[in-house]
Each structure stands twice: as C-alpha cells, then as structure tokens.
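# Residue-level structure breakdown
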Amino acid sequence: MPGQLSIEEGKQLLEQVTEFPKPLPMVVFTGGDCLMRQDIFELLAYARELGLRISVSPSVTPILTEKVLSRLRGLGVGAISISLDGALPYAHDFIRGVVGNFASTLNAIRKIVTMGIRCQVNTAVMRSNMKQLPDIFHLIRSLGVRTWEVFFLIRTGRALESEDLAPEEYESACHFLYDASMYGVTIRAVEAPFLRRVVLQRNVKQSVWHDDLYEVLLTRLLDLERPPKVYSTLPHYGTLDGDGIIFVSHDGTVFPGGFLPLRLGNIKEERLSEIYQTNELLVKIRNREFKGKCGECKFRFNCGGSRARAFAYYGDPLASDPACHYLSSANE
C-alpha cells in the first residue's frame, strides 16, 4: 500500500508495544491480508524475539498453503483466525464475494487444527446470515474449533444499511450466544459489548427474553447440539475500542479500534503507549464518560456500548449505542 510502514518502521512499532506495562499486549497481524506483506515472516520473528505474543488473521487465498501454515507455527504464532460467514457454500461465498471460498475455508481450518495451532473462527453477523448462527456454531465445533469471535455489523465501507440488525435482533443474537457458550467453546463478540450485560442478567436469572427470532435460534441450537452440560463461559467484563484494544493502520495511523475511523495520531510521530494512555478520547472511553442512556446505564462499566456504532450513526464516539435494547438507568 502507498505509504505503508517499512520493515524498519514495522520493527519500531513492535518495539513500542514492549513499552506497555506487563503483561504485554498481544499483537494481531491483520489486514486485508497480512500475508501480502513480503516481510511478514521477518516481522513475526522479530515480534517473538521481543517476547511478544502474536496471532495472525490471514485471508483464505492460494497464498495460505500448508507450507506457510507450518512456517507460522514454527515462528511461534499463538493463533490463526479464519473468517467463516455461512454454514453453506452459497451463503459464505456470497458474503465473501469469491466462489469456492467456502470449501477453501473449511480446508484451511482443518489444516490449522490438525497442525495443532489454535484456530479461531470469525463470523460477521448480518440480517442475511443471522438464522444460520446455530449451524455455523455446529460446523465449527465439528471441525474442532474452540474459539468463535462474532463480529456485529458496523455500517461502514461495504456494510449495507439493509443488513444491519434492529435492537431486538441484536438482543436475540446475544441471548443465543449466551446459550451457545455452554458447550465449551470460547465465544467473543466484537462491537456488541452489551452481550456482557446479557450475561449478568442471565446469570442471576433477571432476564427472560422471548421473541420469534430467539426461539428459532435456540430451537435449532438444541436440535444440533442437545442440551448443554456446562455453565456459560462468557465473561462479565471485556475490551472496548480504546479500552484494551488499539488499532494501528498500514501507514502507522492509530485508531481506537478497527471499526472506529477516528485518527488519534501516528506511531512515526508519537509513542503508541503514550497515545493509548493519554489521548483525551480514550481516557473518556475508559472512564465511561458517555452521553444519553449509555452514560446513565448501570452496566456501563461491564458493557460501554459500541463506540464505533455510536460514531457511525451519530458522528460522536461518546454517544449511546443505537443497537442496545436495554433502557434502564444507573439510578434504578
């Protein structure tokens, strides 16, 4: 890419990561396709020399060969994440825009699991694949995948408004994920931090959610997996854009997260740790200085709402998350 960090600048970025307090952050090499960088293996090796934990998120293309996977394993890559957006070829290939990518994706997942590398499957949730969630979950479990990261749509770039979910659909999805988390798979939700509010409510049986969509999802899950035998593994707390996560673009520009396009600075001009620790917006996010119902919500420190979605809808990263169905305040 024009203006992308050179190999020297890339190494300087990795050195800046070591300036954070211990335990040091994990570095995720993503894209686009991180394997398109000719020097990716040199950067990975240098990160390991510095004592950093590393993961990669490549695209499933002919570049992702068994030889490349073996090399990644040899470099100490802790996990490889692969995108799977449908339980059937037509659905996944339509979303990915590449015919035959579904078969290639399953093949890549099988190779990663067989080689003993921790495999994480990423799924982007939207209206067109919402009802396939139980089948996607069943498929990845059958492949031996033990980490599922579910990405909820932010209306940017190719993300169409017609694919966005209504608040009650987000709520149904979160209750489904709570149920799915009882089968021994680690589940994380990206840009749906209100899942943690659902966890708290469900754990103390304060929330009974029923609608047609949730009943469809739950019924299909039970048909495929049978009743669970363990408790939910979902946490009460987690990361938020700018709170446990920071995103550095190909040219060194720093953003709160991968879906929140607000420039905070550049690692060529400022230290990454200084940007993260002192940026005024990030401090407000970590202090939960939000507006509207997010600022009043008693779950704001567990949840915090999607800052990227607030920005996409209202142009304000401190506004309320319009996808959240919960309306009660901190004063109840």
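In the block above lies the structure referred to throughout.
Now for a description of the structure that goes with this document. (Residues numbered from 1 in each chain as written. Predicted model: local features only at pLDDT ≥ 70, side-chain atom pairs only at ≥ 80, totals over all residues. Heavy atoms only, no water.)

Within the secondary structure layout, Arg-197 lies in helix 8 (residues 195–203). A residue is classified by how much of its surface remains accessible, and Arg-197, at 2% relative accessible area, is buried. When near neighbours in sequence (up to four residues on either side) are disregarded, Arg-197 contacts Glu-171, Phe-299, Cys-324, His-325 and Tyr-326. (Helix = DSSP H or I, 4+ residues; strand = E, 2+ residues; numbered from the N terminus. Buried < 20%, exposed > 50% of the residue type's maximum accessible area, 1.4 Å probe, protein only. Contact = heavy atoms within 4.5 Å.)

Moving on, we get to the sheet that holds strand 10 (residues 253–255). Ordered in space as 9-10-11, the three strands form an open sheet in which the pairing is antiparallel. The open sheet terminates on both sides in strands that have one partner only, identified here as strand 9 (247–248) and strand 11 (265–266). In this structure, strand 9 lies alongside strand 10, joined through two bridges in antiparallel fashion. Paired with Phe-247 across the two strands is Phe-255, which belongs to strand 10. (Pairing = 2+ DSSP bridges.)

In an α-helix, one full turn covers 3.6 residues, which means residues spaced three or four apart are oriented alike. The terminal C-alpha atoms of helix 5 (residues 101–114) lie 20 Å apart, and with 14 residues this matches the ideal 20 Å at 1.5 Å per residue to within 8%. Buried within helix 5 are the following residues: Asn-101, Phe-102, Thr-105, Leu-106, Ala-108, Ile-109 and Ile-112. Buried residues along helix 5 cover an arc of 160° about the axis, so they all sit on one side. Exposed residues on helix 5 whose side chains face more than 90 degrees from its buried face are Ala-103 and Thr-114. Once helix 5 finishes, Gly-116 follows within two positions and takes phi at roughly 80°, a positive value. (Expected span 1.5 Å × (residues − 1). Arc of directions from axis to C-beta.)

This part takes up the packing of helix 4 (residues 89–96) against helix 5. What describes two packed helices is the angle between their axes and the distance between those same axes. Where helix 4 contacts helix 5, the axes come no closer than 8 Å and their chain directions differ by 100°. When the interaxial angle is binned, helix 4 and helix 5 end up roughly perpendicular. Only Asn-101, Phe-102 and Thr-105 of helix 5 make contact with helix 4, whose side of the interface consists of Pro-89, His-92, Asp-93 and Arg-96. When grouped by side-chain class, the residues that make up the contact of helix 4 with helix 5 number two nonpolar, three polar and two charged. (Axes fitted to C-alpha atoms, helices over the stretch in contact; angles between N-to-C directions. Parallel < 35°, antiparallel > 145°, perpendicular 65-115°, else oblique. Nonpolar A, V, L, I, M, F, W, Y, C, P; charged D, E, K, R; others polar.)

With that settled, consider the nonpolar core. Note that soluble globular proteins tend to have their nonpolar side chains buried in a common cluster. Counting residues in hydrophobic clusters, the biggest one holds 92 residues, and the most contacted among them are Phe-29, Leu-44, Leu-72, Ile-80, Trp-148 and Phe-152. In terms of residues, this core owes the most to one element, helix 7 (residues 167–180), which gives seven residues. Leu-72 has contacts with Phe-41, Leu-44, Val-56, Val-77 and Ile-80, leaving out every residue within four places of it along the chain. (Core = buried A, V, L, I, M, F, W, Y, C linked by side-chain atoms within 4.5 Å.)

The subject of this paragraph is the packing of helix 6 (residues 133–142) against helix 9 (residues 212–225). Running from N to C, helix 6 and helix 9 cross one another at 25°; their axes reach a closest spacing of 9 Å. In terms of axis orientation, helix 6 runs roughly parallel to helix 9. Seen from above, helix 6 lies across helix 9 with right-handed handedness. Facing helix 6, whose interface residues are Pro-134, Asp-135, Phe-137, His-138 and Arg-141, helix 9 presents Leu-217, Arg-220, Leu-221, Leu-224 and Glu-225. Residues belonging to the contact of helix 6 with helix 9 are distributed by class as follows: five nonpolar, one polar and four charged. (Left-handed = near helix turned anticlockwise from the far one by under 90°.)

Our focus in this paragraph is the packing of aromatic side chains. Enumeration over the complete set of coordinates arrives at nine aromatic pairs. Consider the rings of Phe-247 and Phe-255, whose centres lie 6.4 Å apart with planes at 45°: the pair is tilted. Overall, the relative accessible area of 26% leaves Phe-247 in the partly exposed class. Within the aromatic cluster, the residues linked to one another by ring pairs are Phe-137, Trp-148 and Tyr-183. (Phe/Tyr/Trp six-rings, centres within 6.5 Å; stacked < 30°, edge-to-face > 60°.)

Before going further, it helps to examine the pattern of salt bridges. One pass over the structure, following the stated rule, counts 15 salt bridges. With a shortest N-O distance of 2.7 Å, Asp-39 and Arg-37 are connected by a salt bridge. A salt bridge links Glu-225 to Arg-141, with the nearest nitrogen and oxygen atoms 2.5 Å apart. In this pair, Glu-225 sits in helix 9 while Arg-141 sits in helix 6, placing the two residues 84 residues apart along the sequence. For Glu-225, a relative accessible area of 12% puts it in the buried group. (Salt bridge = Lys/Arg side-chain N within 4 Å of Asp/Glu carboxyl O.)

We now examine the sheet that holds strand 1 (residues 27–29). Sheets are built from strands that pair by backbone hydrogen bonding, the pairs being arranged parallel or antiparallel. Taken in spatial order, the six strands of this open sheet run 1-2-3-4-5-6, and their pairing is parallel. Each edge of the sheet is formed by a strand with only one pairing partner; in this case those strands are strand 1 and strand 6 (186–190). With strand direction ignored, the average angle separating the axes of adjacent strands in the sheet is 25°. Sheet analysis places strand 2 (residues 54–56) next to strand 3 (residues 79–83), joined by two bridges and oriented parallel. In the strand pairing of strand 3, Val-56 is matched with Ile-80.

Here the focus is the state of the cysteines. Counted by the stated rule, this structure contains zero disulfides. Residue Cys-294 stays outside any disulfide, its sulfur separated by 6.3 Å from that of Cys-303, the closest cysteine. For the unlinked cysteine Cys-297, the closest cysteine sulfur is that of Cys-324, found at 6.4 Å. Owing to a relative accessible area of 12%, Cys-297 belongs among the buried residues under this scheme. (Disulfide = S-S within 2.5 Å.)

A few words on the pairing of strand 3. With four of five residues buried, strand 3 is to be regarded as a mostly interior element. Handedness of the crossover joining strand 2 and strand 3 through helix 3 (residues 66–74) is recorded here as right-handed. (Right-handed = clockwise from strand over helix to strand, strands pointing away.)

Function-wise, these values are silent; they only describe arrangement.
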